Amino acid sequence: MRRSWQVAEVSAVRAETARARTLRLRFPDMVAGVPGQHVDLRLTADDGYQAVRSYSVAAWVPPRELELTVEELDDGEVSPFLVDVLAVGDQLEVRGPVGGWFTWTPDRAGPLQLIAGGSGVVPLMAMLRSHSEARSAVPARLLYSVRSPDHVFYRGELDVIGQEDPQVVIDIAYSREAPDGRPVGRLTHEAVTASCFPPEDEPVIYICGSTGFVEAVAAWLVDDGHDADRIRTERYGG
Amino acid sequence: MDSTGQHPLDQDHLDGNALAGALDQFVSDLTSAECMCAGCGSSGPLAAALLYTKAPGMVLRCPTCTAVLLCLTDQGDRQVLTLDGVRHLVIDKP
Ligand SMILES: Cc1cc2nc3c(=O)[nH]c(=O)nc-3n(C[C@H](O)[C@H](O)[C@H](O)COP(=O)(O)OP(=O)(O)OC[C@H]3O[C@@H](n4cnc5c(N)ncnc54)[C@H](O)[C@@H]3O)c2cc1C
Ligand SMILES: [Zn+2]
């Protein structure tokens, strides 16, 4: 366990959408962790002003790398820099990976229900990747709420997992604009209920996204009879 | 106390997950520790409590009764962790 800030180098970048980018970071030493964890990034301006933000780990690339996916927010202080400015070879101060509660490993019992709003898909993708790599026999579902088809992260990989892994069902819900023949509109309680494992299956549930999204979805699931102890949440703010 | 509470009056908070980096320097993943609220007696992991980061320092509130559990403030080269609202923390051995 590392207890302080260390310097990592950007070793690769990849566009996910017009406003989101995956950053691969290379650490000076081995870096390992579990799906669901995040790192803190610290940026320092020329005048010494510092800003710290948290970003979930999307993928582990042993032995020394990991990937983050950052979405640019209008008027954001840090995210536009990470998405538009940072380049391969640049250095960043990083703390972590940290977090031990909003985590999933393939030995956890019960069907796996993942629910993402927007960039909240990032830590859930790490869980899904780990589920696939382990060839887990645990049934898993991802409900992913996005604004439009152009906002979907990891599109190609999600399609492959959804088609090839019989244990995994991927359900994308579109709030502003949908492909032909798909419904459009804000995610509703009914849609969440319909897409999720029922309470009697006793799924373990992970919800991640903006604070409003997470709290609304969690409340619906408790209403539906899911045990609050089986629901884990991560609020991104907003 | 659990992670599912709805707090419609404000969206201006995160949750205790985001405290993991700042607490990591004390002990490995303290955010999984079970915290009992001194105000209302409910218990749950620190990760499931509500974290306000726009106050000076970081303020963690009980998701059941919203009482302040703990505060972590930066004072130059020292940090102050106050635990006024915490009755106890149950921490797993590594
Ligand atoms: C544990 C954790 C993990 C996270 N992981 C990721 C991740 O994997 N990818 C990612 O892109 N972001 C992630 N975030 C969010 C990230 O930490 C920043 O909050 C985000 O990038 C905005 O930072 P900023 O400096 O650009 O915006 P700021 O300057 O901090 O804020 C700009 C404006 O946007 C609002 N805002 C802040 N956050 C959100 C939000 N999530 N949704 C809508 N409005 C918001 C603010 O209230 C403000 O009005 C995570 C947050 C946490 C707590
Ligand atoms: Zn309380």
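Nothing here was measured: the structure is a model prediction, and the numbers come from that model.

Calculation rules
Residues numbered from 1 in each chain as written. Chains lettered and ligands numbered in written order. Predicted model: local features only at pLDDT ≥ 70, side-chain atom pairs only at ≥ 80, totals over all residues. Heavy atoms only, no water. Donors = N, O, S within 2.8 Å, 3.2 Å for Na, K, Ca; no water. Tetrahedral: all angles 85-135°; square planar, octahedral: opposite > 155°, others 65-115°. Pairing = 2+ DSSP bridges. Helix = DSSP H or I, 4+ residues; strand = E, 2+ residues; numbered from the N terminus. Axes fitted to C-alpha atoms, helices over the stretch in contact; angles between N-to-C directions. Contact = heavy atoms within 4.5 Å. Buried area = accessible area lost by both parts, 1.4 Å probe. Salt bridge = Lys/Arg side-chain N within 4 Å of Asp/Glu carboxyl O. Polar contact = N/O pair within 3.5 Å; in protein donor to acceptor, adjacent residues only side chain to side chain. Near = heavy atom within 4 Å. Areas by Shrake-Rupley, 256 points an atom, 1.4 Å probe, with all protein chains shown as cover. Nonpolar A, V, L, I, M, F, W, Y, C, P; charged D, E, K, R; others polar. Domains from an automatic or database assignment. Phe/Tyr/Trp six-rings, centres within 6.5 Å; stacked < 30°, edge-to-face > 60°. Buried < 20%, exposed > 50% of the residue type's maximum accessible area, 1.4 Å probe, protein only.

Peer 1: Please clarify how the coordination of the zinc ion (ligand 2) should be interpreted in this entry.
Peer 2: Ideal geometry at a metal centre gives angles of 109.5 degrees when four donors are arranged tetrahedrally and 90 or 180 degrees when six donors are arranged octahedrally. Residue and element names in this part refer to chain B. Taken together, C37 (SG), C40 (SG), C62 (SG) and C65 (SG) make up the protein donors of the zinc ion (ligand 2), found 2.3 to 2.4 Å from the metal. Seen from the zinc ion (ligand 2), its 4 donor atoms lie at angles of 106 to 111°, and the figure they make is tetrahedral. One chain supplies every donor to the zinc ion (ligand 2), and in sequence these donors are spaced C-x2-C-x21-C-x2-C.

Peer 1: Would you take a moment to explain the sheet that holds strand β5 (residues 65-71) of chain A for this structure?
Peer 2: Strand pairing in a sheet relies on backbone hydrogen bonds, with the paired strands running either antiparallel or parallel. Residue and element names in this part refer to chain A. Reading around the circumference, β1-β2-β5-β4-β3-β6 is the order of the 6 strands in this closed barrel, with antiparallel pairing throughout. With direction set aside, neighbouring strand axes in the sheet form an average angle of 45°. Relative to strand β4 (residues 50-61), strand β3 (residues 38-44) runs antiparallel, the two sharing 7 bridges. Considered in β4, the bridge of D40 is made with S54. The sheet strands contacting helix α2 (residues 121-133) are β4 and β5, and the helix crosses β4 at an angle near 20°.

Peer 1: I'm lost on the interface of chain B and chain A in this one. Help?
Peer 2: Often, the extent of an interface is quoted as the loss of accessible area on bringing the components together. Listed per partner, the contact involves 27 residues of chain B and 28 residues of chain A. Both faces combined, the contact of chain B with chain A buries some 2100 Å², and carbon together with sulfur accounts for 50% of it. Along the contact surface separating chain B from chain A lie 1 salt bridge. Across the pair A:R235 and B:D15 runs a salt bridge, and its minimum N-O distance is 3.3 Å. In this assembly, chain B and chain A are joined by 7 residue pairs in polar contact (both at pLDDT 80 or more).

Peer 1: What is the right way to read the site of ligand 1 from this model?
Peer 2: Lining the immediate surroundings of ligand 1 are 25 residues, of which A:R53, A:S54, A:Y55, A:V78 and A:S79 lie closest. Residue neighbours of ligand 1 fall on chains A and B, so the site bridges chains. One nitrogen or oxygen atom from the main chain of A:T69 is found 2.9 Å from a nitrogen atom belonging to ligand 1. When the free accessible area of ligand 1 is taken as 920 Å², the share hidden by the protein chains comes to 78%. Considering every element that reaches the shell around ligand 1, the biggest residue donor is β4(A), with 4 residues. Classifying every residue of the shell around ligand 1 by side-chain character gives 9 nonpolar, 9 polar and 7 charged. Counting residues domain by domain, the shell around ligand 1 receives three or more from each of domain 1 (6-98) and domain 2 (112-236) of chain A.

Peer 1: What is the right way to read the domain arrangement of chain A from this model?
Peer 2: Residues and elements named next belong to chain A. Split into domains, chain A comes out as domain 1 (6-98) and domain 2 (112-236). Listed by partner, the interface residues are 13 residues for domain 1 and 15 residues for domain 2. Across the domain 1/domain 2 interface, buried area totals approximately 1100 Å², and carbon plus sulfur atoms make up 57% of it. Linking domain 1 with domain 2 are 0 salt bridges, by the criterion used here. Run the count over domain 1 and domain 2 and you get 4 residue pairs in polar contact (both at pLDDT 80 or more). Residue contributions to the side of domain 1 that touches domain 2 peak at 4 residues, all from β4. For the side of domain 1 that touches domain 2, the residue count by class is 5 nonpolar, 6 polar and 2 charged.

Peer 1: How should the packing of aromatic side chains be read in this particular structure?
Peer 2: The geometry of an aromatic ring pair comes down to the distance between the two centres and the angle between the two planes. All names here are of chain A. Evaluated as defined, the whole model comprises 2 aromatic pairs over all chains. With a centroid separation of 5.5 Å and an interplanar angle of 80°, the aromatic rings of F102 and Y206 are classed as edge-to-face. Linking F102 in the loop between β6 (91-98) and β7 (112-117) with Y206 in strand β10 (residues 204-209), this pair joins segments that are 104 residues apart in sequence. Here the two residues F102 and Y206 agree in accessibility, since each one is buried. Measuring from centroid to centroid gives 5.8 Å for F153 and Y154, while their planes differ by 90°, and the two rings are edge-to-face. Accessibility classification places F153 together with Y154 in one group, the buried group.

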